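Results of the structural survey
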Amino acid sequence: MPGASALSDLPAISPMHLRQPDMDALRPACSTHKPRILILYGSLRAVSYSRLLAQEAARLLEYFGCEVRIFNPEGLPLPDAAPASHPKVQELREWSAWSEGQVWVSPERHGAMTGIMKAQIDWIPLSVGSVRPTQGKTLAVMQVSGGSQSFNAVSQLRILGRWMRMIAIPNQSSVAKAFQEFDADGRMKPSSYYDRVVDVCEELVKFTLLTRDASNSDRPLQRAEGRSRKARTAREPQIPMTIISTERPPVAAIAALGLTQIIGYGSLYYSFSILAPDMARDLGWSSEWIFGALSVALLIGGLAAPLMGTWIDRFGAGRIMTSGSAIAAAALVACAFAPGKIAFVTALIGIEIASNLVQYGAAFALLVQIRPQVAQRSITYLTLIAGFASTIFWPITTALHAHLSWQNVYLIFAALNLVVCLPIHAWLSRGVSQTRGRTGEGAAKRVEPSLPPSVRRQALILLMTGFALESFVNSALLVHMVPVMSALGLGAMAVVVGTLFGPSQVLSRLINMVFGESLSQVMLAIICAILLPTALVILIATAPSVPPARWSSPSSSASARGLTASSTEPCRSRSSEALATAGGKGKLCRCVSSFPRWHRSRSPS
């Protein structure tokens, strides 16, 4: 290391900002994930040769082991013509931040790159504070032209890439008379031009692998700017950054979905435990076989959830929920008129599959599609409303069943799904279509993993195990709340005590919203895990002699369930396929939770 005498020869820079390059820092542990490459192209024509070249490059990069995304510039506004919060701008910036290398492909028009290409580059920020978000990313440049070979566009792209402090690889591709180089299927013909594209893609992958872990942005100027920024921040008054977006949540959509969620959960899930004894009697089954049928239905519904998520992404959550309401109504009617056991189980499976299409998984995805900037807040508000489903439908089901058969109760619930939920979902679906038509479809926000690659698998296994065990206890209590309270001697008051579940669940979420901003999701999960066994201990230790315990146990378990939802809400505002997949895991846990009742009823009394 140089001494003070050497630093004295550099009076223009502060010693605290000057560091000698460290070979160990330049050789960090190599990442094991696939290189992430973003491809931009510069044309919106129906037959776009820059797009065809981009797709050809994507195939080669995927062959070389990369994860590739191609950004579609359709719907991207001109720079300064729209705010940076525009969905397409957000999608471009998020994908650029995700990438470790990029490929820019532009047609040459009037001796230069196209305006469409330039607009995409202009929307990528040159700096965010003292950080240069594109610094150190690798870059390959390509162009297509309708005439003889030229290098005007690639030269401009290379200059811009260097200005953005990207590592522009030496090789480049220029395809002359591009209309002759692609066949009718849009595939590039074998030629020297194609060979050069192969060379460029291979070279980009090599540069990316060599530099992605070492090309950090730790520079003297950035260190100086960072210290200056921290100093200014320390002097300035601190403003709580609790509001992610100034955009208002869609109040009407949230209220409407709240109503359909109450009906969906109440009619398709909560009512079953009230009606199950009479179902068993009419079908000539014991209670264990009725709950065994529910277990089979929950299992199949859980396995079908990822497919439902794919449909939500492809067709839109609103359309899927509209169809789901019709399917739910039909399944309830089929269950009510089932002539035998096989028909009953088949209809029950239809009910659980329909629940994938109308309950939280689809509803959360719909809120994301309606207004993605405020999706997390919208989801929170929706759970506050839908949390009253058990409070409303346990007494309603009990009151109806006191005067009607379980078949007639199911027919009434089918009418609710058909007359109330279906029109609401259709209205929301139309609103989503109109919103997408005005603003363009935005991408789901991607969250990069914060854990090192070496421990992610173990962390995922632990996370799934924790969620599964917690859902096991939660769902077992929920399904069997009323029967358990009745067995403790509460009789008809069991339903009244059970109705505490909804308000307690909502109250816990409200408390978390007001006072829990400083708590991490992990801490919320820990608190939830403590409340669950506390509720069971209170119930086991004091029942049946201490009536207050019977009221406090549902409250504690409901608070735990509410906090569980709060601790996982950040995950719920992601892609709809992921939401439905998570919903599938929840249904599998509910399936497992049906077995304790099955086992208890089979045990000797």
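Ranked by internal contacts, the top residues of the largest apolar core, which has 69 residues, are Phe-272, Ile-290, Phe-344 and Tyr-410. Setting aside anything within four residues of it in sequence, one finds Phe-344 in contact with Met-279, Leu-283, Trp-285, Ile-290, Cys-335, Ala-338 and Trp-406.

Counting buried residues in helix H13 (residues 360-370) gives eleven out of eleven residues, a clear majority hidden from the surface. Listed as buried for H13 are Tyr-360, Gly-361, Ala-362, Ala-363, Phe-364, Ala-365, Leu-366, Leu-367, Val-368, Gln-369 and Ile-370.

Summarising the element assignment, Ser-43 is placed in the loop between strand E1 (36-41) and helix H2 (49-63). Sequence-wise, Ser-43 and Glu-74 are 31 residues apart; in three dimensions their C-alpha atoms are separated by 8.9 Å. Contact partners of Ser-43, with chain neighbours within four places excluded, come to Ser-48, Ser-50, Pro-73, Pro-107 and Ile-116. For Ser-43, the side chain forms a polar contact with the main-chain nitrogen of Arg-45, separated by 3.2 Å. At a separation of 3.5 Å, a polar atom in the side chain of Ser-43 contacts the side chain of Ser-48.

Here we take up the side chain of Ser-48. The topology assignment puts Ser-48 in the loop between E1 and H2. Reaching out from Ser-48, the side chain makes a polar contact with the side chain of Ser-50 at a distance of 3.1 Å. Within polar-contact distance, the side chain of Ser-48 engages the backbone nitrogen of Arg-51 at 3.1 Å. Ignoring anything within four residues of it in the chain, the contact list for Ser-48 reads Tyr-41 and Ser-43.

Both the distance between ring centres and the angle between the ring planes are used here to describe each pair of aromatic rings. In this structure the tally under the stated criterion is 13 aromatic pairs. Centroid distance Tyr-270 to Trp-394: 5.6 Å. Interplanar angle 75 degrees. Geometry classified as edge-to-face. Linking Tyr-270 in helix H8 (residues 251-270) with Trp-394 in helix H15 (residues 389-403), this pair joins segments that are 124 residues apart in sequence. By the burial criterion, Tyr-270 is buried, and Trp-394 matches it. With centroids separated by 5.8 Å and ring planes inclined at 85 degrees, the aromatic side chains of Phe-272 and Phe-291 adopt a geometry described as edge-to-face. Placement of the pair is Phe-272 in helix H9 (residues 272-283) and Phe-291 in helix H10 (residues 287-315), with a sequence separation of 19 residues. By relative accessible area, which is 1% here, Phe-291 ends up buried. An aromatic cluster is built from Tyr-265, Tyr-269, Tyr-270, Tyr-360, Phe-364 and Trp-394, whose rings are joined through pairwise contacts.

The next subject is the pattern of salt bridges. It is possible for side chains bearing opposite charge to pair when their charged atoms get close. A complete count under the given rule lists nine salt bridges for this structure. The salt bridge involving Lys-118 is made with Asp-122; its shortest N-O contact spans 2.8 Å. Residue Lys-118 and its partner Asp-122 are located together in helix H4 (residues 115-123), separated by four residues, close to a single helical turn. By relative accessible area, which is 30% here, Lys-118 ends up partly exposed. Residue Asp-122 is classed as partly exposed on the basis of its relative accessible area of 38%. With a closest N to O distance of 2.8 Å, Arg-281 and Asp-278 form a salt bridge. Taken together, the residues Arg-281 and Asp-278, both in helix H9 and three residues apart, mark about one turn of the helix. Since its relative accessible area comes to 56%, Arg-281 is described here as exposed. Several salt bridges converge on common partners, so that one network encompasses Arg-36, Glu-100 and Arg-212.

The N-to-C vectors of H9 and H10 enclose an angle of 120 degrees; their axes lie 9 Å apart at closest approach. The pairing of H9 with H10 is recorded here as oblique in orientation. In this structure, H9 crosses over H10, and the sense of that crossing is right-handed. Contacts between H9 and H10 pair Phe-272, Ala-276, Met-279, Ala-280 and Leu-283 from the former with Ser-287, Ile-290, Phe-291 and Leu-294 from the latter. Taken together, the residues of the contact of H9 with H10 sort by class into eight nonpolar, one polar and no charged.

Before going further, it helps to examine the confidence of the model for the chain. Overall, the prediction assigns the chain a mean pLDDT of 77, with 66% of residues at 70 or greater. Counting contacts from residues 548-553, a segment whose pLDDT is below 50, to residues more than four positions away or on other chains yields 15 contacts. When the criterion is pLDDT under 50, residues 555-560 qualifies, and its contacts beyond four places in sequence or with other chains add up to 21 contacts.

A few words now on the packing of H8 against helix H11 (residues 317-336). For the pair H8 and H11, interaxial distance at closest approach is 12 Å and the crossing angle is 30 degrees. One element, H8, and the other, H11, form an angle in the roughly parallel class. Considering the relative orientation of H8 and H11, their crossing is left-handed. Every residue of H11 that contacts H8 at Leu-257, Gln-261, Ser-267 and Leu-268 is listed here: Met-321, Ala-328 and Leu-332. For the contact of H8 with H11, a count of residues per class yields five nonpolar, two polar and no charged.

End to end, helix H6 (residues 192-211) covers 28 Å across 20 residues, agreeing with the expected 28 Å (1.5 Å per residue, within 8%). All of the buried residues in H6 are Val-197, Val-200, Cys-201, Leu-204, Val-205, Thr-208 and Thr-211. End-on, the buried residues of H6 take up no more than an arc of 150 degrees, which puts them together on one face. Residues of H6 that are exposed and angled more than 90 degrees away from the buried face: Ser-192 and Leu-210. Those residues of H6 hidden inside the fold are in contact with E1, H2, strand E3 (101-107), strand E4 (138-144), strand E5 (167-168) and strand E6 (173-175). The N-cap residue of H6 is Ser-191: its side-chain oxygen and the backbone nitrogen of Tyr-193 are 3.3 Å apart.

This part covers a nonpolar patch on the surface. There is a patch of nonpolar side chains on the surface, built from Val-296, Leu-299, Ile-300 and Leu-303 and spanning about 320 Å² of accessible area. Within the secondary structure, Leu-303 is located in helix H10.

The general pattern is negative phi for most residues beyond glycine and trans for most peptide bonds. In the Ramachandran plot, Asp-80 falls in the positive-phi region, its phi being about 75 degrees despite a non-glycine side chain. Position of Asp-80 among the secondary structure elements: in the loop between strand E2 (67-71) and helix H3 (87-98). In this structure Asp-80 comes out as exposed when scored by relative accessible area, which is 80%. One non-glycine residue, His-110, adopts positive backbone phi at about 55 degrees.

Conventions and cut-offs
Residues numbered from 1 in each chain as written. Predicted model: local features only at pLDDT ≥ 70, side-chain atom pairs only at ≥ 80, totals over all residues. Heavy atoms only, no water. Core = buried A, V, L, I, M, F, W, Y, C linked by side-chain atoms within 4.5 Å. Buried < 20%, exposed > 50% of the residue type's maximum accessible area, 1.4 Å probe, protein only. Contact = heavy atoms within 4.5 Å. Helix = DSSP H or I, 4+ residues; strand = E, 2+ residues; numbered from the N terminus. Polar contact = N/O pair within 3.5 Å; in protein donor to acceptor, adjacent residues only side chain to side chain. Phe/Tyr/Trp six-rings, centres within 6.5 Å; stacked < 30°, edge-to-face > 60°. Salt bridge = Lys/Arg side-chain N within 4 Å of Asp/Glu carboxyl O. Axes fitted to C-alpha atoms, helices over the stretch in contact; angles between N-to-C directions. Parallel < 35°, antiparallel > 145°, perpendicular 65-115°, else oblique. Left-handed = near helix turned anticlockwise from the far one by under 90°. Nonpolar A, V, L, I, M, F, W, Y, C, P; charged D, E, K, R; others polar. pLDDT = per-residue confidence, 0-100. Expected span 1.5 Å × (residues − 1). Arc of directions from axis to C-beta. Patch = residues over 30% accessible without salt bridge, like charges linked within 9 Å, V, L, I, M, F, W, Y side chains within 5 Å. Areas by Shrake-Rupley, 256 points an atom, 1.4 Å probe, with all protein chains shown as cover.

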